[in-house]
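Structural overview for review
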Amino acid sequence: MASLFSRDRTLSYSRRDSTNTTSSTAALSPLQSPFPDLTPSLSTSDLRETAYEIFVAACRTSTGKSLTYIPSDRSPSPSPSNSSNSSSPSPSMQRSLTSTAASKMKKALGLRSSSSSSGLIKRAEGSPGSGGKPKKPVTIGELMRVQMKVNENVDSRIRRALLRIAAGQVGRRIESTVLPLELLQQFKAADFTDQREYDAWQKRNLKMLEAGLLIHPHTPLDKSNTAAQRLRQIIQAALDRPIETGRNNESMQVLRTAVMGLANRSSDGSLFESCHWADGLPLNLRLYETLLEACFDVNEEASIIEEVDELMDLLKKTWGILALNQMLHNICFSWVLFNRYVATGQFENDLLDAADSQLAEVAKDAKTTKDPAYAKILNSTLTVMLGWAEKRLLAYHDTFDTGNIESMPTIVSIGVSAAKNLVEDISNEYRRRRKSEVDVAHSRIDTYIRSSLRTAFAQLMEKADASRRASRSQPNPLPVLAILAKDVGELASKEREIFSPILKRWHPFAAGVAVATLHICYGNELKQFVSSITELTPDAVQVLRAADKLEKDLVQIAVEDSVDSDDGGKAIIREMPPFEAEGAIANMVKDWIKTRTDRLKEWVDRSLQQEVWNPQANEGGFPPSAVEVLRIIDETLDAFFQLPIPMHPALLPYLMSGLDRCLQYYVSKAKSGCGSRNTYVPIMPALTRCTTATRWGKKKDKTLNTKRNAQVATMNGDTSFGVLQLCVRINTFQRFRTELEVLEKRIITLLRNSESAHVEDFSNGLGKKFEITPAACVEGIQQLSEAAGYRIIFHDLSPVLWDGLYIGEPSSSRIEPFLQELEKNLTIISNTVNERVRTRIIADIMGASFDGFLLVLLAGGPSRTFTQQDSQIVEDDFKSLKDVFWANGNGLPMDVINKYSTTVRDILPLFRADVDSLIERFRLSTLETYGSSAKSRLPLPPTSGQWNPTEPNTLLRVLCYRNDEAASKFLKKTYNFPKKL
């Protein structure tokens, strides 16, 4: 712009002359004018020529001096002689452009100097030695002629006419003159270069009269107004057939009468002193708009001339004719500045800033008046400006970039200012719709942010989809929503860095609103995606992880932006309902875990139904199902830690719990049906008494056998529940315990290698261990070990223990056959079971054998009796039984043997005791147990199964199996026991 005023105004005169200047404004793309359309027959050139005529007339008569005609064949600047011999025109029009002061208006509006002028019109002096005469400076009036593209001939004709008008109407102001009518009165066809020019000139003035008096009159016309009807007929006839002008003939008199009758009319029917022909809305505004356009350099459409101060002073002289004031001027000038910025490609931000400054004045004016006509003009102007601004601000990501971002603050300011003025105007629809006071700036910026980001988001969606399609041929292309999440994150960063600092002037939480909008947009897409996925896939995990990262970034921006807010940003955060991406991932992982564990449980069911538990058929003494279930668990753990999720530590407990339940189910299923110690212990026979004369010999008690055999009948038909099969199960449970410890260590390693793990994840073992399976294995080993021991003693070795030991004469049916079979079984079991549980199962067999030994002594049925002397045989046999498990120090530890044999050792002395002492001990024990109620008659103590030398039932049983007359009599007398079953 600076160069516009650096050139010599006189030397550049020819470029400004309309005869040598193309119509550069024809290339402009202005907005549609906010002022209503005029009659279609009035062209832009018609308005420009009429506006120039008004300008010259107003300026030449503003001082009250007579007008001087300047011949058309003169140079652009009058010669000194002519200038001195003629009456001077208005000083302001005639003043030479030699001022060196910068334009105050441009400075106030923030406008820079033009690139083609320094603000001075230098005297064009001839070059040294050229001999040429120096040229005089150009006047403001001459500058205006060039600016409005009026050639010298037309200018001369106008000035000549004005001189004639002034001469004929001495003392009258120009406002009392209907200029088009007077011009028609002054010129005839001979005053023009050709008939065509004359016809166009006459039609223009007639159409101007029509526009100013009939179409857009200062005072509204009644439809019945005869003067208006008459003038309309005259003008129409003249337009169809040109009238003869330039003389005082009848046609001109008729026209004058009709025109003046309407021009001097007031609203109450009285006559005005001044004429009203160019001051009706919107004609006057369109004419004034045309004049204001002259403030722009014809060579640089985006530059305001440096002489704008002087020119503006002259333009204000037209206010009387156009019925304008400062407020209307401010509206028009704001519009002209704004429209020129738009029309010239929107690159001259000074114009935009100037328009914004003028709008501030308009805002002040709007508060001082309630004139409906002014309000209508204001609304139409602001609506156009607001519409243009909002078109860009509602999608400001498309509008602005690094090249034009400097204009954004001003465009926002204009949009907000226009919206504020519209809201504050009581006649506008904004006001009618308003139910309460609102912060207009805050509301508009909020709307711009949300609208633009929604638009930008939609574009990112299309871009992401296109990117996905383009990468289909590549390995592992990113899912659309993963691409979108990355792009949205970049958009949010761009928003915070570039746009939010600008918008924060009007909206303190601009960045927060922006990220909340993006959060909602992405959240809607994510919600649809999550509802469509049915299983955990790599694409789903990628999308959800990307969404989770995006959400954290957006929330961080919102929190930082709202740090100074009253609520700490809670309002913005409430607009951002969580994506719950982690929750969605967690749910899918849980579904994945459930699917895996359900399948594993089904597999356990099928496998255990087919498992034979045969130690010879299973390598290492472990069944195939045990090896396979551990392998599946190991693979499941590997697969879990290979899932590309950010929450392995959080979800590991769910997996561990599921696998733990599956293994516990295996253990429970494996031991189901194997029985327990009570399954094999025979039912005790009813108590009987013995006589000294009777010994039954080796005769089996069929009743007892029938009852015992009924307990194990179902197991005898199923080979999967034999002792060796039980040992394989025990081995399996022990293998589980060992392998689970290894798995737990491996889990810690996998967890440590997981990218999502933190130090605190290793601080405790919760969720990283098998909680219920180890305990189930211990319980299973205990149950099956006892079951195996009691099966061997009471089932497998029953012929040599229950059916053989001490049957008839104790001395002839001692324990040796039982010990031989027992040792064989111990050898087989020792070679079968895992060494870590070998001691346990041998000890349980020992315990079962001790229980069996006692059961023979205390509940062996009537086929067994003992004398006091037989006690030594019994003690020796029991010692032999213990020695089997001692195995000369190679078997069980002695302290273990002693622990298990405590009860037997406590009971055996009873077999040494005499009958009388036994009966006395029994009486005392019973009285102690039952109290005084037992003095008259001793009650029969129940069988508890817990043998104890002081327990009444134990003492009673020793008496029952004592081969002694006194014992038999006591039992007969006290309880009437039979001798046999």
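These numbers come from a predicted model, not from an experiment.

**Brief notes about the overall build of the chain**
If you tally the helices and strands in the chain, you get 40 helices and zero strands. If you take every contact in the chain between residues at least 6 apart in sequence, the share linking residues at least 24 apart comes to 79%. Roughly 45,000 Å² of accessible area belongs to the chain as shown, and the carbon and sulfur atoms make up 50% of that amount.

**Concerning the packing of helix H16 (residues 349–366) against helix H19 (residues 408–424)**
The interhelical angle for the contact between H16 and H19, taken along N-to-C directions, is 20 degrees, at an axis separation of 9 Å. Comparing their axes, H19 and H16 come out roughly parallel. In terms of crossing hand, the pair formed by H16 and H19 is left-handed. Along its contact with H16, which presents Leu352, Asp353, Ala355, Asp356, Leu359, Ala363 and Ala366, the element H19 presents Thr410, Ile411, Ser413, Ile414, Ser417 and Asn421. When grouped by side-chain class, the residues that make up the contact of H16 with H19 number seven nonpolar, four polar and two charged.

**Some thoughts on the packing of helix H24 (residues 538–561) against helix H26 (residues 581–610)**
Geometrically, a packed helix pair is captured by the angle between its two axes and the distance between the axes. Where H24 meets H26, the closest approach of the two axes is 8 Å, and the angle between their N-to-C directions is 155 degrees. Taken together, the axes of H24 and H26 lie roughly antiparallel to each other. Between H24 and H26 lies a crossing of left-handed hand. Judged by residue contacts, Ala540, Leu544, Arg545, Ala547, Asp548 and Lys552 of H24 engage Ala581, Glu582, Ala584, Ile585 and Met588 from H26. Residues of the contact of H24 with H26, tallied by class, amount to seven nonpolar, no polar and four charged.

**Describing the environment of Gly415**
Structurally, Gly415 is set in helix H19. Look at Gly415 and you get buried, because its relative accessible area is 0%. Separated by 59 residues in the primary sequence, Gly415 and Asp356 have C-alpha atoms spaced 9.4 Å apart. When residues no more than four places from it in sequence are discounted, the contact partners of Gly415 are Leu386, Ala389 and Tyr448.

**Comments concerning the confidence of the model for the chain**
Do not read the fine detail of predicted coordinates wherever pLDDT is low. Looking at the chain, the pLDDT average stands at 82 and 82% of residues meet or exceed 70. Ignoring residues within four places in sequence, the model shows residues 693–700, a span with pLDDT below 50, making 24 contacts including any to other chains.

**Concerning unusual backbone geometry**
In the segment running from Leu281 into Pro282, the intervening peptide bond is cis, with an omega of 0 degrees. Residue position: Pro282 is located in the loop between helix H11 (250–263) and helix H12 (283–292). If you check the backbone angles, Tyr806 has positive phi at about 60 degrees while not being a glycine. With respect to the helices and strands, the residue Tyr806 is situated in the loop between helix H32 (773–796) and helix H33 (816–832). Residue Tyr806 is classed as buried on the basis of its relative accessible area of 0%. Backbone geometry at Ala887 places phi at a positive 50 degrees, although glycine is not the residue there.

**What to know about the nonpolar core**
The nonpolar side chains of a soluble globular protein tend to be buried, and buried together. Tyr522, Phe640 and Phe853 are the most contacted members of the largest nonpolar core, which totals 283 residues. Counting residues per element, this core draws most heavily on helix H34 (residues 835–859), which supplies 15 residues. In this structure, Phe640 is in contact with Val589, Trp592, Ile593, Ile645, His648, Leu651, Leu652 and Leu655, ignoring residues within four places of it in sequence.

**Topic: the pattern of salt bridges**
Summed over the entire model, instances satisfying the criterion amount to 36 salt bridges. The residue Arg444 makes a salt bridge to Glu390 at a minimum N-O spacing of 2.2 Å. Taken as a pair, Arg444 in helix H21 (residues 440–470) and Glu390 in helix H17 (residues 372–393) lie far apart in primary sequence, 54 residues in all. Comparing Arg444 with Glu390 shows no difference in burial state: the two are buried. We note a salt bridge from Arg496 to Glu560, for which the minimum N-O separation is 3.3 Å. On the criterion of sequence distance, the pair formed by Arg496 in helix H22 (residues 480–503) and Glu560 in helix H24 is long-range, its members being 64 residues apart. Judged by its relative accessible area of 34%, Arg496 falls in the partly exposed class. Overall, Glu560 belongs to the partly exposed group, its relative accessible area being 42%. Three or more residues are tied together by salt bridges with common partners; here these are Glu49, Glu53 and Arg204.

**Regarding the packing of aromatic side chains**
Inspection of the entire model under this criterion finds 25 aromatic pairs. Summarising the aromatic geometry, the rings of Tyr790 and Phe794 are spaced 5.6 Å apart at their centres and angled 10 degrees between planes, so their arrangement reads as stacked. Of the two residues, Tyr790 and Phe794 are both situated in helix H32; the distance of four residues between them amounts to about one turn of the helix. Classification of Phe794 by relative accessible area gives buried; the value is 4%. Geometrically, the ring pair formed by Phe922 and Phe970 is edge-to-face, given 6.1 Å between the ring centres and 85 degrees between the ring planes. You can see Phe922 sitting in helix H38 (residues 915–930) and its partner Phe970 sitting in helix H40 (residues 965–975), a full 48 residues away along the chain.

**Details of helix H15 (residues 326–343)**
Working note: α-helix, 3.6 residues per turn, so residues spaced by three or four point in the same direction. Between its first and last C-alpha atoms H15 spans 25 Å; for 18 residues at 1.5 Å apiece the expected length is 26 Å, and the two agree. The buried fraction of H15 is high, at 16 of 18 residues. N-capping of H15 is provided by Asn325, with a side-chain oxygen placed 3.2 Å from the backbone N of Met327.

**Re the environment of Ala419**
Mapped onto the secondary structure, Ala419 falls in helix H19. Sequence separation between Ala419 and Thr383 is 36 residues, and the spatial gap between their C-alpha atoms is 8.3 Å. In this structure Ala419 touches Leu386, Val440 and Arg444, once residues within four positions along its chain are discounted.

**What about the environment of Ile842?**
Residue placement: Ile842 occurs in helix H34. For Ile842, a relative accessible area of 11% corresponds to the buried category. Considered as a pair, Ile842 and Ser785 are 57 residues apart in the sequence and their alpha carbons are 8.5 Å apart. Those residues in contact with Ile842 that lie beyond four places of it in its chain are Leu826, Ser830, Phe885 and Leu892.

Calculation rules
- Residues numbered from 1 in each chain as written.
- Predicted model: local features only at pLDDT ≥ 70, side-chain atom pairs only at ≥ 80, totals over all residues.
- Heavy atoms only, no water.
- Helix = DSSP H or I, 4+ residues; strand = E, 2+ residues; numbered from the N terminus.
- Contact = heavy atoms within 4.5 Å.
- Areas by Shrake-Rupley, 256 points an atom, 1.4 Å probe, with all protein chains shown as cover.
- Axes fitted to C-alpha atoms, helices over the stretch in contact; angles between N-to-C directions.
- Parallel < 35°, antiparallel > 145°, perpendicular 65-115°, else oblique.
- Left-handed = near helix turned anticlockwise from the far one by under 90°.
- Nonpolar A, V, L, I, M, F, W, Y, C, P; charged D, E, K, R; others polar.
- Buried < 20%, exposed > 50% of the residue type's maximum accessible area, 1.4 Å probe, protein only.
- pLDDT = per-residue confidence, 0-100.
- Core = buried A, V, L, I, M, F, W, Y, C linked by side-chain atoms within 4.5 Å.
- Salt bridge = Lys/Arg side-chain N within 4 Å of Asp/Glu carboxyl O.
- Phe/Tyr/Trp six-rings, centres within 6.5 Å; stacked < 30°, edge-to-face > 60°.
- Expected span 1.5 Å × (residues − 1).
- Polar contact = N/O pair within 3.5 Å; in protein donor to acceptor, adjacent residues only side chain to side chain.

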